[in-house]
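A structural walkthrough
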Amino acid sequence: MTTTEKHVFQAEVNEVLSLVVNSLYSHREVFLRELISNAADALDQLNFRGLTEHTLLGDDRDLRIELIRDAKAGTLTIRDNGIGMTHDELIQNLGTIARSGSKKLMQSLSAEQKKDITLIGQFGVGFYSAFLVADSVTVVSQKAGSDETWVWESQAKGDFEVRPGERRGRGTDIVLHLKEDAKEYCDEWPVREVVHKYSDYVRWPIKMEVERGSGDEKKTEWQTLNQARALWTRPKGEVTDDQHREFYKSLSHDWQDPLGWTHFRVEGTHELTGLLYLPAKAPFDLVDRRKSGVKLFVKRVFIMDDAQEIVPEWLRFVRGVVDSEDLPLNVSREILQKDATTRFIKKQVVGKTLTLLEEMAAEGETEREVDGEKKKMHRYQAFWSEFGRMLKEGVYHDLDSRDRLAKLLRYRSTHGEGEYSLAEYRARMPADQKSIYYVAADSLATAKASPHIEALKKRGYEVLLMTDSIDEWIVDALREFDEKPFASAAKGALDLPEDETEKQKMAALEKTLQPVLERVQKALDEQVKTVRVTDRLTDSPACLVSDEHGMSARQERVLREAGHDVPQQKRILELNGEHPVVKKLSTIADEARFADWSALLYDQALLAEGSLPADPGAFARRVAALMAEG
Ligand code: ADP
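Calculation criteria
Residues numbered from 1 in each chain as written. Predicted model: local features only at pLDDT ≥ 70, side-chain atom pairs only at ≥ 80, totals over all residues. Heavy atoms only, no water. Helix = DSSP H or I, 4+ residues; strand = E, 2+ residues; numbered from the N terminus. Rg over C-alpha atoms; globule rule 2.2 N^0.38 Å. Buried < 20%, exposed > 50% of the residue type's maximum accessible area, 1.4 Å probe, protein only. Areas by Shrake-Rupley, 256 points an atom, 1.4 Å probe, with all protein chains shown as cover. Lys, Arg positive; Asp, Glu negative; His and termini not counted. Charge placed at Lys NZ, Arg CZ, Asp CG, Glu CD. Near = heavy atom within 4 Å. Polar contact = N/O pair within 3.5 Å; in protein donor to acceptor, adjacent residues only side chain to side chain. Nonpolar A, V, L, I, M, F, W, Y, C, P; charged D, E, K, R; others polar. Core = buried A, V, L, I, M, F, W, Y, C linked by side-chain atoms within 4.5 Å. Domains from an automatic or database assignment. Pairing = 2+ DSSP bridges. Axes fitted to C-alpha atoms, helices over the stretch in contact; angles between N-to-C directions. Contact = heavy atoms within 4.5 Å. Expected span 1.5 Å × (residues − 1). Bend = angle between axes of the 7 residues up to and from the residue. Salt bridge = Lys/Arg side-chain N within 4 Å of Asp/Glu carboxyl O. 1 Å grid on protein atoms, 1.4 Å probe; cavity = no way out; pocket = protein on both sides within 12 Å on 5 of 7 lines; lining within 4 Å. Points joined across faces, edges and corners; volume = space filled by probe spheres on them.

What follows is about the overall build of the protein. In terms of helices and strands, the protein carries 20 helices and 25 strands. Taken over the C-alpha trace, the protein has a radius of gyration of 32 Å; the compact-globule value for 630 residues is 25 Å, which it surpasses by more than 25%. Seen through its principal axes, the protein has C-alpha atoms that stretch 115 × 60 × 45 Å. A burial count over the protein gives 52% of its 630 residues as buried. With an accessible surface of roughly 29900 Å², the protein has 49% of that area assigned to carbon and sulfur atoms. For the protein, the distance from the average site of its 90 positive side-chain charges to the average site of its 109 negative ones is 2 Å.

For the rest of this paragraph, the subject is the site of the ligand. Neighbouring the ligand are eleven residues, the closest being N38, D80, N93, G126 and F127. The contact in question runs from a nitrogen atom of the ligand to an N or O atom on the side chain of T172, over 3.4 Å. Compared with its free state, where it exposes 530 Å², the ligand has 77% of that area covered by protein. Elements with a contribution of two residues or more to the shell around the ligand: α2 (30–50) and α3 (87–95). Along the lines of polarity and charge, the residues of the shell around the ligand split into four nonpolar, five polar and two charged.

This next bit is on the nonpolar core. Residues L32, I65, I78, V137, W152 and L176 are the most contacted members of the largest nonpolar core, which totals 74 residues. Of the residues forming this core, the biggest block, ten residues, is contributed by α2. Both domains that meet at this core, namely domain 1 (5–227) and domain 2 (232–369), each give it at least three residues. Counting residues in hydrophobic clusters, the runner-up holds 73 residues, among them L259, L278, M429 and V463.

Now for the pairing of strand β8 (residues 206–212). Sheet topology places strand β2 (residues 65–70) next to β8; three bridges connect them, and they run parallel. Its bridge partner lying in β8, I65 is registered against I206. In this sheet, strand β9 (residues 219–224) lies alongside β8 in antiparallel orientation, the contact comprising six bridges. Residue pairing across strands places E209 opposite W222, the latter belonging to β9. In this structure, the hairpin formed by β8 and β9 is closed by a connection of six residues, where G213 is found at a positive phi of approximately 80 degrees.

Attention now moves to the sheet that holds strand β6 (residues 159–165). Taken in spatial order, the nine strands line up as β1-β6-β5-β4-β7-β3-β2-β8-β9 in an open sheet, and their pairing is mixed. Strands at the two margins of the open sheet, each flanked by one partner only, are β1 (5–8) and β9. Recorded for the sheet is a direction-independent mean angle of 20 degrees between the axes of neighbouring strands. On the sheet, α2 packs against β2, β3 (75–80), β7 (171–178) and β8 and is oriented at approximately 25 degrees with respect to β3.

Turning our eyes to something else, we now look at helix α10 (residues 379–397). For α10, with 19 residues, the first-to-last C-alpha span of 25 Å sits near the 27 Å given by 1.5 Å per residue. By the largest-angle criterion, F387 marks the main kink of α10, which is about 70 degrees. Among all positions of α10, only R379, Y380, F383, W384, F387, G388, M390, L391, K392, E393, G394 and V395 are buried.

This part takes up the domain arrangement of the protein. Taken domain by domain, the protein holds domain 1 (5–227), domain 2 (232–369) and domain 3 (492–630). Look at where the C-alpha atoms of domain 1 and domain 3 centre, and you get two points 68 Å apart.

Moving on, we get to the pattern of salt bridges. The tally for this structure, following the rule as stated, stands at 56 salt bridges. D173 serves as the salt-bridge partner of R79, at 2.9 Å between the closest nitrogen and oxygen. With a gap of 94 residues between them, R79 in strand β3 and D173 in strand β7 connect regions that are remote in the sequence. Owing to a relative accessible area of 8%, D173 belongs among the buried residues under this scheme.

Quick look at the environment of F9 now. With respect to the helices, strands and loops of the structure, F9 is situated in the loop between β1 and α1 (11–23). Residue classification places F9 among the buried positions, given a relative accessible area of 5%. Separated by 52 residues in the primary sequence, F9 and R61 place their C-alpha atoms 35 Å from one another. Not counting residues within four places of it along the chain, the set of residues in contact with F9 comprises N14, L17, L94, G95, Y128, W152, S154, A156, G158, D159 and F160.

This part takes up unusual backbone geometry. The backbone of K299 sits at a positive phi, close to 45 degrees, despite the residue not being glycine. For K299, the location among the structural elements is in the loop between β12 (293–298) and β13 (301–304). Relative accessible area serves as the criterion here: at 37%, K299 is assigned to the partly exposed category. Phi angles above zero are rare outside glycine, and R479 is one such case at about 65 degrees. Note on R479: relative accessible area 65%, which makes it exposed.

To continue, consider the pairing of strand β10 (residues 260–266). The buried count for β10 comes to six of seven residues, which makes it a mostly enclosed element. Hairpin connection from β10 to strand β11 (residues 272–278): five residues lie between these consecutive antiparallel strands, with G268 at a positive phi of about 130 degrees.

The next subject is the environment of L231. Considering the arrangement of structural elements, one finds L231 in the loop between β9 and α7 (241–252). Taking relative accessible area as the criterion, L231 reaches 0% and is therefore assigned buried. Sequence separation between L231 and V566 is 335 residues; the distance between their C-alpha atoms is 52 Å. Once you skip the residues sitting within four places of it in the chain, L231 turns out to touch Y201, V239, Q243, H244, F247, H263, L275 and Y277.

Attention now goes to empty space enclosed by the protein. In this approach the atoms are scanned with a rolling probe the size of a water molecule, which exposes any empty space left behind. Inspection of every chain in the model, using the stated rule, returns two cavities of 30 Å³ or more. Taken as a whole, the largest cavity encloses approximately 170 Å³ of empty space. Lining of the largest cavity is provided by 19 residues; of these, A440, A490, S552, R554 and E609 occupy positions nearest its centre. Secondary-structure elements contributing two or more residues to the lining of the largest cavity are β19 (436–440), α13 (444–448) and α17 (553–561). Each residue belonging to the lining of the largest cavity can be placed in one class, and the counts come to seven nonpolar, seven polar and five charged. If you add up the space inside the second largest cavity, you get close to 80 Å³. Forming the boundary of the second largest cavity are S37, A40, D41, Y201, V202, R203, F247, S250, L251 and K295. Elements with a minimum of two residues in the lining of the second largest cavity: α2 and α7. The class makeup of the residues in the lining of the second largest cavity is five nonpolar, two polar and three charged. Of the residues that make up the lining of the second largest cavity, three or more belong to each of domain 1 (5–227) and domain 2 (232–369).

This is the structure we're talking about:
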């Protein structure tokens, strides 16, 4: 009777496998980093459980990773005495892609995108990189606390086998049956070199048996290949950029270099060490608000992944490690949620990240090495285009960081093609300008062409062009920057400085147009709150504005799209008293025709701001009728 079970890989695993093998072929030595990183995690997990389950470690207390080369068999084995895997865990962990985000991403990629090496970093290389160098992989594993050993084996041809096996004690062996052209990993030096290059920071000893001497003097000895000291515990100046890059990659499974990092130590009433990295590309699982990319250690002992208690939601893209001297080793999520130390740590994480961002923002364009190439880049701009939206969330939710975050915001504006800080805008403000003006629309083109900003532009006032749905809420939360209030170009009165002649002109216009305003008001009574003459427009005949403290039409729309029940607010229709169309209105005596014109003015004001007329058919008919007349 055979007890071998056959299983097929989940469809996406096959895709990831072929993606990894095809796109990473020229960097195939990364397999060792990935497998060693998994082994180190397994040791961390065991060590953590050993804190409370005192018999779990038994006599086998010397936690380590061993690399075993067998030239005769043509194999390289990565062995750990860590937590191990059960029968079901082998099938689950090595046969499916557990992270639902990765699965979705994989399904959404086109064939062309799947060849893109930078994309694979977004869901991690991991265990499957074993097939970069092996045509067959055997995993022999015994879960800590169990005496069953299970063997998992695959040639990566769509399926794998699971059967009972033998192993001396807990832990996992990953046996790589090396491909013909990867046999060099049976030799000492290639392995040594790769460990040195990619895994020197690993906190557990990586040991390998080597031969020394010659002839009769020949003997073998076990050597430790790495420093076996957690990277973050080393003095800042001793950690090289390359070590940071490799550590980040093993931590995040990202394929690309990080954009920046901060390594800090806090001493005093609380002691902690942190190592935080900014990814170059937004990870696919950013939508998952409960995730965090920071691991928590207590006195060098791994405690948990995704420690969201010590990282605010808006920093969920940060990857790294925090190691506290003050928390108890048996700290749980429940304790973390209540502990005052947690708040202190969180404050440090936020503060150090903000300092890093501020430094990047101040540094301008620099030459940096990215993924092995020298590149001229403005790091903060690169960061902003990937993660700006996250910082905006921070402005909204994190009162304590609001002022520092406000300085990190970047916006497009009528000034030019760049993205500018509020301080830059502020510095360009003419002396007579009272407010920081902005206009919000669904697209940059709509914002730029918005009638609301005509008069502002004419006066030489710069207007911030906002296109993110969250932007208007952020401005409402900030209220002002450097003592100047924000003012929406589409809300309230613009409060432009006017000289005497301008004032008189407006007053005269208001007076002559009063009967027309009343008639328009009557015709549009259902739609508008009031009709008034404005100094906001120069080229357009009309626009719609909200009350100074009311919501804009776009804010209402965003809320409605998010499923909120928002009543339609009536807005103010503003007319440009000097526009020929408005002047002509007063000459129309026929009420039905006047009503048509009013409706047209209203609808085209909607269109100009990016909203749709309530009855597009009626709008089209009125336009057609007008054209026919003309
Ligand atoms: P990831 O490490 O990103 O989760 P991998 O594909 O590298 O993805 O590994 C999948 C899972 O298999 C791991 O999360 C872990 O649970 C398990 N695993 C891999 N290697 C080992 C090991 N040496 N010991 C115990 N579990 C392991």
